[in-house]
Structures are given as structure tokens and as C-alpha cells.
Amino acid sequence: MTIGNNTAPKKERKSSKKGKQVDENAPLLPKTHGEDGGFDEFNGASFPGAVFNLSTTIVGAGIMALPATMKVLGLVLGVAMIIFMAFLTEASIELLLRFSRVSKSSSYGGLMGDAFGKVGKNLLQVAVMINNIGVLIVYMIIIGDVLSGTTADGIHHPGVLEGWFGVHLWNGRTAVLLITTLGIFSPLACLKRLDSLSYTSALSVALAVLFIVITMGITIVKLINGSIMMPRLLPDVTNMASFWNLFTVVPVLVTAYICHYNVHSIDNELEDSTQIKPVVRTSLALCSSVYVMTSIFGFLLFGDSTMDDVLANFNTDLGIPYSSFLNDAVRVSYAAHLMLVFPIVFHPLRLNLDGLLFPSSRPLNQDNVRFASLTIALISVIFLGANFIPSIWDAFQFTGATAAVCLGFIFPASITLRDRHYIATSKDKMLCVFMIVLAVLSNGVAIYSDAYALIKKNSSPTA
């Protein structure tokens, strides 16, 4: 998941199944800033394993915000946008892989460096940092919502701990996040190697499937007994403000598919690198199916009361047997999953920050003082962000409209338009212009709409 300026050709990479020789210029995770050395646990990965890893990269906290996009777009347009973003993501990744082959770059950072030099590589590192900080803040917000509850539109949705023990100072949002940060996130973030946390990929997919199965089951039962109303199929546009509000879903959808920074690592793991394109297509098809089902059944179940974090809706009587048990099972299991995934996202964040601040220093895992300082600083920023950002929708709006859109569309399109190796076709360049225009305009409108809504909300009490 880390970004390195890695330009080793694919043919020099050898699987550990074939021998012990490993090209030191083609790592999964960099050990130094100037010369990449890596861990070789997953060399020679199978096709299913690669699909599983990439799918885990894609399906994260974003899945919980997708039902809320149906509330804005309506069911028909919302599903269509999820599928459209999957095709656009596949196109952008295909461009990255094609230019990586020609430039003999085995990392996203190496490809940006090949196209735009050191400035390009540094821009990519900054984008990965912003994206990962935003994702980790979202993880903390969801954990706070699940354990301590959240309040929206004057209605309080109690958390699991409030339901079990009542309201106390120790299970308030700030206290719970502080305890979780010190007791779980900090120890996990101090691990210098990720091999002991590899099982969290399986847990991620299993919990996503569990969430879908439970939601589908509840929705089908309520459809049969007639307690679910017909959902809104199209957006409700009554004025200009509601029209501009439609664009606020774009950053959320962009963030839901961001996996570009991990594609090269998974490609490096494959024994047969020609399989990477089928891996990408299979993963996107799988994740799109998960997203569509989650969005449809989540919106059917909760309708216009769907919250930005749909997990927060699982705190009331669902109208079926064992409702309380199902609510707690869904929320606690997914919160536990996010806690375990935290260090996997945190690890490349810390390495990229170290690469920007100390590019000529010795490897980070050999300097305990630097390692501890960066860890404490980053966890503090994430903790403060989770306490002051009101909802995951706001966090997704910021990261999706800035770093995620750059990683997913603007950077791949810019590399193609730069075309240092003269391989881009006219069709490629037209697609890239479309990507950039769509990304800039839609996210610009989304930022304006959010800012306008925030200003209007803050000024309304004095009106």
C-alpha cells in the first residue's frame, strides 16, 4: 500500500516458489527512501488471493455511507452511479497498468516520478497521506457512532455501550475513542510488520457479507409483511439548493472505489503478472455487487431516515424476532473489524510521511525515536479529527473531493495526457479529459454545496 519510486522491470521479479532470488528494487513495502527493500511473504500469490486482497482494499468504511447516497439520488440513479463509477475506476487502473509496463515502473510513485519527476512522486505521497488520514478518521467516527451513539436532526441514536450499561461518562464518545486509541489503535500501530495482521482481510470480506445477509434477510421479511413503503426511485429536486446537493455524493462514490495505491503491490505479488487485469475486473465486479446490494437493501430498510453511517440506524426495533441481537451483532462485529484494519491503513500513512519529512534518513523501522514520534503525531491528528468532524459524510466529502479524486482519476489521466512514451491513443486522451473535467467540476460543486449548507446552517439561528 505504500508508495515508492520503484522502477524495476517485471521480468526481474521472481517468486519465492521458484527460488530465493528476489529483486531488491521491487518491494511490497519500502524499507528505505532511496533504495526499496521489501517483504516477500506473498510472492507468487494466486488469482483468488489477489482478488481477495484487492477487494479488501476497495471495500472499507465507504460501504456504510452508500445507502445514504440513495437518499440523495434515489434508487435508480444511485445504482446507476455506483455501476458507472466501477467502469470509470477500471478504465483509470487500466491506464496505470499500461503505462507502468512501458515505463517499467512497479509502483504508483515510480510511475508518477517517471511522468513528472520528484514533484509528481511527492504529490502522490501527499495524496495518499490525506486519503489515508481521512479513511482512518472515518473508522474512528464509525466506532464512536457504534459504541457511544450519534445525534442527527435532534434525534439521538444510542450506541451499543449505552444500550448495555446506560449513559455514563466513561462510555461517552470522547472517552470511548480515547480508550480505544490508547488500548487498541496505539499498540497495533506500533507493530513494524504487518504479517501478523493478514487475517483482517478475510475478516473484512466476511463482515461485509454478514452485513449484507442480515440486511437482506430483514428487508425481505419486512417486504413480505408489508411494513416497507415504496422507495424513492429518482432524486427529489425542488430548487437549486437540492440540485447542487446531488453533487455531494460524488466524493463518497469516488472514495468507495479507491484502491489505485495498492494495485501495483498486488501486481508485484502475482506469480503471473498478466493476471492483474482480470484480477482488477473481478474485484470491481465483486465489490460493485456488494455495493449495489448494500445500497438497495439498506435504503429499502430505512428509507429517508437512512443516516450518513447506516450502522447508526441499527439501534431500533427492526420489527422482527431477535432484533436487538441482530442490531448488536452487526454493529459490534463491524466496529471490531475497523479496529483491526486500522494498522493496515496506518502503516503506509506513516511510511509516506516519513519519506516526505526524512527522505535521506536511515530506515524508519531502525529508528525507534522517529518511529514513535511519527506514530504519536499521526494518531493524535486522527483522534482530534474524529472528535471534531461531525459525521463520516463530511470526512468522505473532504477526502473524496481532494486526495481520492486525485489518486483515482486526475493522476492517471495526467500521466496519460503527459504520454512520455507515446502510447496513448486519441480515445485514451478523450477519456482522460472527460475524467479530469468530471472530477474537477463535480467535486468543485460538491465542495461549494457543502460550504454553502454549512454557512446557512450556522447563520440560521441568528436569522
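The name an unreviewed UniProt entry gives the chain is Amino acid transporter transmembrane domain-containing protein, with Linum tenue as the organism. What UniProt records for the chain under Subcellular location (unreviewed entry) is the sentence "Membrane".

> Sorry, what's going on with the nonpolar core here?
For soluble globular proteins, nonpolar side chains are generally found buried alongside one another. Membership of the largest hydrophobic core comes to 117 residues, with the highest contact counts inside it found for Tyr291, Phe346 and Ile382. With 20 residues, the top contributor of residues to this core is helix H4 (residues 108-148).

> Honestly, the pattern of salt bridges in this entry has me stumped. Any pointers?
When their charged atoms lie close together, side chains carrying opposite charge are able to pair. Enumeration according to the criterion identifies ten salt bridges in this entry. Here glutamate 94 and arginine 98 are joined by a salt bridge, their closest N and O atoms 2.9 Å apart. Of this pair, glutamate 94 and arginine 98 both sit in helix H3 (residues 75-103), four residues apart, which is roughly one turn of the helix. Taking the relative accessible area as the measure of exposure, glutamate 94 reaches 18% and is therefore buried.

> Sorry if this is basic, but what is going on with the packing of aromatic side chains here?
We describe a pair of aromatic rings using the distance from one ring centre to the other and the angle between the two ring planes. All chains considered together, the criterion is met by four aromatic pairs. Between phenylalanine 302 and phenylalanine 314, the ring centres sit 5.2 Å apart and the planes meet at 80°, which makes this aromatic pair edge-to-face. Of the two residues, phenylalanine 302 sits in helix H11 (residues 276-302) while phenylalanine 314 sits in the loop between H11 and helix H12 (323-357), which places them twelve residues apart along the sequence. Residues phenylalanine 302 and phenylalanine 314 agree in their burial class; the two are buried. Seen from their ring centres, phenylalanine 342 and phenylalanine 346 are 5.8 Å apart, and the 15° between their planes marks the pair as stacked. A residue pair is termed a helical-turn pair when its members lie 3 or 4 positions apart in one helix, as phenylalanine 342 and phenylalanine 346 do in helix H12 at four residues. Feature note: the residues Phe185, Phe342 and Phe346 constitute an aromatic cluster, connected by ring pairs.

> What is the right way to look at the packing of helix H1 (residues 47-58) against H11 in this model?
The geometry of a pair of packed helices is captured by two quantities: the angle between their axes and the separation between those axes. Following both chains from N to C, one finds H1 and H11 inclined at 50°, their axes separated by 9 Å at the closest point. Between H1 and H11, the interaxial angle falls into the category oblique. At the point where H1 passes H11, the crossing takes the right-handed sense. Residues Phe47, Ala50, Val51, Leu54, Ser55 and Ile58 of H1 touch H11, and the partners they reach there are Pro278, Val279, Val280, Thr282, Ser283, Leu284, Leu286, Cys287 and Tyr291.

> Is there a simple way to explain the environment of aspartate 367 in this structure?
The residue aspartate 367 is located in the loop between H12 and helix H13 (368-388) in this model. Polar contacts involving the side chain of aspartate 367 include one to the side chain of arginine 370, which spans 3.1 Å.

> Even after reading the chapter, I still don't get the packing of H4 against H13, so can you show me in this structure?
Contact geometry of H4 with H13 gives a least axis separation of 8 Å together with a crossing angle of 55°. Considering the angle they form, H4 stands oblique to H13. Crossing geometry of H4 relative to H13 is assigned as right-handed. Of the residues in H13, those in contact with Ile133, Leu136, Ile137, Met140 and Ile141 of H4 are Leu378, Ile382, Phe383, Gly385 and Ala386.

> What exactly am I supposed to notice about a nonpolar patch on the surface here?
On the surface, Val76, Met230, Leu233 and Leu234 cluster together into a nonpolar patch covering about 410 Å² of accessible area. Taking relative accessible area as the criterion, leucine 234 reaches 54% and is therefore assigned exposed.

> Would you mind showing me how to read the environment of glycine 113 here?
Turning to its location among the elements, glycine 113 is positioned in helix H4. Distance in space between the C-alpha atoms of glycine 113 and leucine 123 is 9.7 Å, their sequence separation being ten residues.

> Can you walk me through the confidence of the model for the chain in this structure?
Mean pLDDT over the chain stands at 77; residues scoring 70 or higher make up 79%. Within the chain, the element-level pLDDT minimum falls on strand S2 (residues 155-158), averaging 67, and the maximum on H3, averaging 92. Segment residues 1-43 is flagged for pLDDT under 50; beyond a separation of four residues in sequence, or across chains, it makes 117 contacts in the model.

> Please clarify how H4 should be interpreted in this entry.
Along an α-helix, a turn takes 3.6 residues, which lines up residues three or four apart on a common side. Between the first and last C-alpha of H4 there are merely 39 Å, a value that for 41 residues lags more than 12% behind the 60 Å anticipated at 1.5 Å per step. Just downstream of H4, glycine 149 is the residue with a positive phi angle, here 90°.

> Help me out: how do you make sense of the environment of leucine 95 in this one?
Positionally, leucine 95 belongs in helix H3. With 317 residues separating them in the primary sequence, leucine 95 and proline 412 have C-alpha atoms 6.6 Å apart.

The rules behind these values
- Residues numbered from 1 in each chain as written.
- Predicted model: local features only at pLDDT ≥ 70, side-chain atom pairs only at ≥ 80, totals over all residues.
- Heavy atoms only, no water.
- UniProt positions renumbered as here; feature names shortened; annotations may be inferred.
- Core = buried A, V, L, I, M, F, W, Y, C linked by side-chain atoms within 4.5 Å.
- Buried < 20%, exposed > 50% of the residue type's maximum accessible area, 1.4 Å probe, protein only.
- Helix = DSSP H or I, 4+ residues; strand = E, 2+ residues; numbered from the N terminus.
- Salt bridge = Lys/Arg side-chain N within 4 Å of Asp/Glu carboxyl O.
- Phe/Tyr/Trp six-rings, centres within 6.5 Å; stacked < 30°, edge-to-face > 60°.
- Axes fitted to C-alpha atoms, helices over the stretch in contact; angles between N-to-C directions.
- Parallel < 35°, antiparallel > 145°, perpendicular 65-115°, else oblique.
- Left-handed = near helix turned anticlockwise from the far one by under 90°.
- Contact = heavy atoms within 4.5 Å.
- Polar contact = N/O pair within 3.5 Å; in protein donor to acceptor, adjacent residues only side chain to side chain.
- Patch = residues over 30% accessible without salt bridge, like charges linked within 9 Å, V, L, I, M, F, W, Y side chains within 5 Å.
- Areas by Shrake-Rupley, 256 points an atom, 1.4 Å probe, with all protein chains shown as cover.
- pLDDT = per-residue confidence, 0-100.
- Expected span 1.5 Å × (residues − 1).

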